[in-house]
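Residues per chain, in single letters:
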Amino acid sequence: MLTMKKFEMPSAFTILMMIIIVVAVLTWVIPAGQYQQEDGKPVPQSYQHTAANPRGLWEILQAPIKGFYDARDIAFFILVIGGFLAVVMQTGAIDAGIGAVIKNLKGREQIMIPILMILFGLGGTTYGMAEETIAFYPLVIPVMLAAGYDTVTAVSVILLGAGLGVLGSTVNPFSTGIAAGFAEISIGQGIILRTILLIITEGIGIGYVMRYAKKVKENPKNSLVYEKMKENKEYFLSDESQESNDLNKSRKAVLWIFAITFVIMILSVIPWAYKFNITIFESLNSAIKSLPLVGPLIGDMPPLGDYWFTEMSVLFLFSSFVIAMVYGLGEKKYVDTLIEGARDLLGVALIIAVSRGITVVMNDGRITATILNWGERMLGDLTAISFVNLSYLFYIPMSFLVPSTSGLATLSMPIMAPLADFVGIGRELVVTSFQSAAGIVNLITPTSGVVMGALAIARLSYGKWLKFTAKLLVILMVTIMILLTLGTVI
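Residues numbered from 1 in each chain as written. Predicted model: local features only at pLDDT ≥ 70, side-chain atom pairs only at ≥ 80, totals over all residues. Heavy atoms only, no water.

Peer 1: Quick one: what's the story with the confidence of the model for the chain, residue by residue and with numbers?
Peer 2: Detailed conclusions should not be drawn from predicted coordinates in areas where pLDDT is low. Per-residue confidence for the chain gives a mean pLDDT of 83, with 87% of residues at or over 70. Overall, residues 239–243 carries pLDDT values under 50, and its contacts beyond four positions in sequence, including any with other chains, amount to three contacts. (pLDDT = per-residue confidence, 0-100. Contact = heavy atoms within 4.5 Å.)

Take a look at the structure:
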């Protein structure tokens, strides 16, 4: 008797390597060409045919290696960020901070919903908080059930709170940072629109969850999991809820250093902050350099506003060292944790390399300009508003097909960003379209370990989660497209 094997989605690495092979084949078919360049951007209507340069087996095997070399600054930054976050998590400061909020708001759980969602949202928008949220479900679920809410409310507070923060990523290095890097713009470009997007979408999410929570508290029959409420209370409230570690002075100091590091990062990558009369950074830099002994010892440090991936890597590496010193981790523990954190994100760095390999094959095969030329012709009759909204809609199915956010950014930005030049809009709008589309998909995608892990812990079915989020997703999509349209006009 024949049995059908269950289909499993290939890994991101396999998908990307398959794309490299397909692209290499296309270099034998698609005509070669090039654009004239001006300030690093293709000049519209300057496309010309050139001699073909098809890629073979050796170039296919070489592509990920050349891709890693090509994206080495971004890949190393990812490894440093992994080490930095591991050191912060090792101190228990973030867990203790959120635990302290939960403890202090006991009895005022309705206020806890927006406060916790904002805190998780800040984690999402700054460093892409996702897997780190798993530890909070055993803490939040019993509190919400004891307050008269249900597991849907508890999951929403964490999953939607952090997820909407990622959707509105202002400086999230794993989505906005990588996308901006491959779009060849600063991560600070478009930060105002992304901040507005974050505030509005997080606000919509908070209102949505609070409305549902209020209905459940007033009448438990309004709960989507009413039939399991008694069972859930017996399961989650049978044990004492986990006590969070104390928020002592060392952990408070770690949280301050953590926050200051991201503030410095934000200030360091906003071009207009440096350009428009915020000369204090340059003055401070000059003053430090002029000091008799300190200046030469510090060396040629660039002023804030003029940072990029290399400088940001230095910032986060230094901050991780300061945190280890303040918390007293010790040399061996600090180094081991730093390496372990970098190891955790090695897969992300390698995905960036393989994804970049696709661009390498396209560029070396001289078909990138040809594809751009096709895009230029097709977009000739499109308005800027149509283009930016179609970009957003394009990225939604792409986020399902390429579940790695960093991989999708690396794969698509070298093509999508220059197309914005032809339409006459800023490349930062394409970056915002990408990150908001990927963010909305990651709220519900069944391929996400964060989503499925959260639902498993809460004993909540995937179908119930889709039913709960369906209206919210429609509201968010419409809101995002309106904001992208306004961003294009303004």
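The discussion continues.
Peer 1: Give a description of the packing of helix H17 (residues 346–364) against helix H20 (residues 405–423) that names residues and reports values.
Peer 2: Running from N to C, H17 and H20 point in directions that differ by 20°, and their axes come no closer than 8 Å. As the angle between them shows, H17 and H20 are arranged roughly parallel. At the point where H17 passes H20, the crossing takes the right-handed sense. Residues Val348, Ile351, Ile352, Ser355, Arg356, Ile358, Thr359 and Met362 of H17 touch H20, and the partners they reach there are Ser406, Gly407, Thr410, Leu411, Pro414 and Ile415. (Axes fitted to C-alpha atoms, helices over the stretch in contact; angles between N-to-C directions. Helix = DSSP H or I, 4+ residues; strand = E, 2+ residues; numbered from the N terminus. Parallel < 35°, antiparallel > 145°, perpendicular 65-115°, else oblique. Left-handed = near helix turned anticlockwise from the far one by under 90°.)

Peer 1: Break down the packing of helix H7 (residues 151–167) against helix H9 (residues 191–218) for me, citing the residues and quoting the values.
Peer 2: Relative orientation of the contacting elements H7 and H9 amounts to 170°, with a least axis distance of 9 Å. As summarised for this structure, H7 and H9 are arranged roughly antiparallel, according to the angle between their axes. Contacts from Val152, Thr153, Ser156, Val157, Leu160, Gly161, Leu164, Gly165 and Leu167 of H7 reach H9 at Leu197, Leu198, Thr201, Glu202, Gly205, Val209, Tyr212 and Ala213. The class makeup of the residues in the contact of H7 with H9 is ten nonpolar, six polar and one charged. (Nonpolar A, V, L, I, M, F, W, Y, C, P; charged D, E, K, R; others polar.)

Peer 1: Describe the pattern of salt bridges, with residues and values.
Peer 2: Enumeration according to the criterion identifies eight salt bridges in this entry. Between Glu340 and Arg343 there is a salt bridge, with its nearest N and O atoms 2.4 Å apart. Of this pair, Glu340 and Arg343 both sit in helix H16 (residues 331–344), three residues apart, which is roughly one turn of that helix. It is possible to trace a salt-bridge network through shared partners that takes in Glu184, Asp421 and Arg427. (Salt bridge = Lys/Arg side-chain N within 4 Å of Asp/Glu carboxyl O.)

Peer 1: Help me get a handle on unusual backbone geometry, residues and values and all.
Peer 2: At Glu184, a residue that is not glycine, the phi angle is positive and equals roughly 60°. Residue placement: Glu184 occurs in the loop between helix H8 (173–183) and H9. Of note in the backbone geometry, Arg459 takes a positive phi value of approximately 60° without being a glycine. Along the chain, Arg459 turns up in the loop between helix H22 (449–458) and helix H23 (462–489).

Peer 1: I'd like to hear about the layout of surface pockets, residue by residue, with values.
Peer 2: Taken as a whole, the largest pocket encloses approximately 1,200 Å³ of empty space. Together, 43 residues line the largest pocket, and Gly128, Ala130, Glu131, Thr405 and Val450 are the ones closest to its centre. Only helix H3 (72–91), H7, H8, H16, H17, H20, helix H21 (427–441) and H22 provide two or more residues apiece to the lining of the largest pocket. Each residue belonging to the lining of the largest pocket can be placed in one class, and the counts come to 23 nonpolar, 17 polar and three charged. (1 Å grid on protein atoms, 1.4 Å probe; cavity = no way out; pocket = protein on both sides within 12 Å on 5 of 7 lines; lining within 4 Å. Points joined across faces, edges and corners; volume = space filled by probe spheres on them.)

Peer 1: Can you break down H20 residue by residue, with the values?
Peer 2: Its 19 residues give H20 an end-to-end C-alpha distance of 25 Å, which sits within 8% of 27 Å, the value for a rise of 1.5 Å per residue. Along H20, the sharpest kink reaches roughly 55°, centred on Met413 and followed within four residues by the proline Pro414. Of all 19 residues in H20, 18 are buried, a share of seventy percent or more. (Expected span 1.5 Å × (residues − 1). Bend = angle between axes of the 7 residues up to and from the residue. Buried < 20%, exposed > 50% of the residue type's maximum accessible area, 1.4 Å probe, protein only.)

Peer 1: Can you lay out the nonpolar core for me, pointing to particular residues and giving the numbers?
Peer 2: The biggest cluster of nonpolar side chains holds 142 residues, and the ones touching the most others in it are Leu160, Tyr395, Met413, Ile440 and Trp465. The biggest single contributor to this core is H20, with eleven residues. Not counting the four nearest positions on each side in its chain, Tyr395 is found in contact with Leu408, Ser412, Met413, Met416, Val430, Ser433, Phe434 and Ala437. (Core = buried A, V, L, I, M, F, W, Y, C linked by side-chain atoms within 4.5 Å.)

Peer 1: Summarise the side chain of Thr151; cite the residues concerned and give the values.
Peer 2: Within the secondary structure layout, Thr151 lies in helix H7. When near neighbours in sequence (up to four residues on either side) are disregarded, Thr151 contacts Ile141, Leu145, Val225, Asn232, Phe236 and Ala458.

Peer 1: Tell me about the environment of Ile81, residues and numbers included.
Peer 2: Within the secondary structure, Ile81 sits in helix H3. Along the chain, Ile81 and Met312 lie 231 residues apart, while their C-alpha atoms are 9.3 Å from each other. Among residues more than four places away in sequence, those in contact with Ile81 are Pro173, Phe174, Phe316 and Leu345.

Peer 1: Outline the environment of Gly177, supporting the account with residue identities and numerical values.
Peer 2: Its location among the elements puts Gly177 in helix H8. Expressed as a C-alpha distance, the spacing of Gly177 and Ile187, which sit ten residues apart in the sequence, is 5.5 Å. The contact partners of Gly177, leaving out residues within four places of it in the chain, are Asn172, Ile187 and Phe309.

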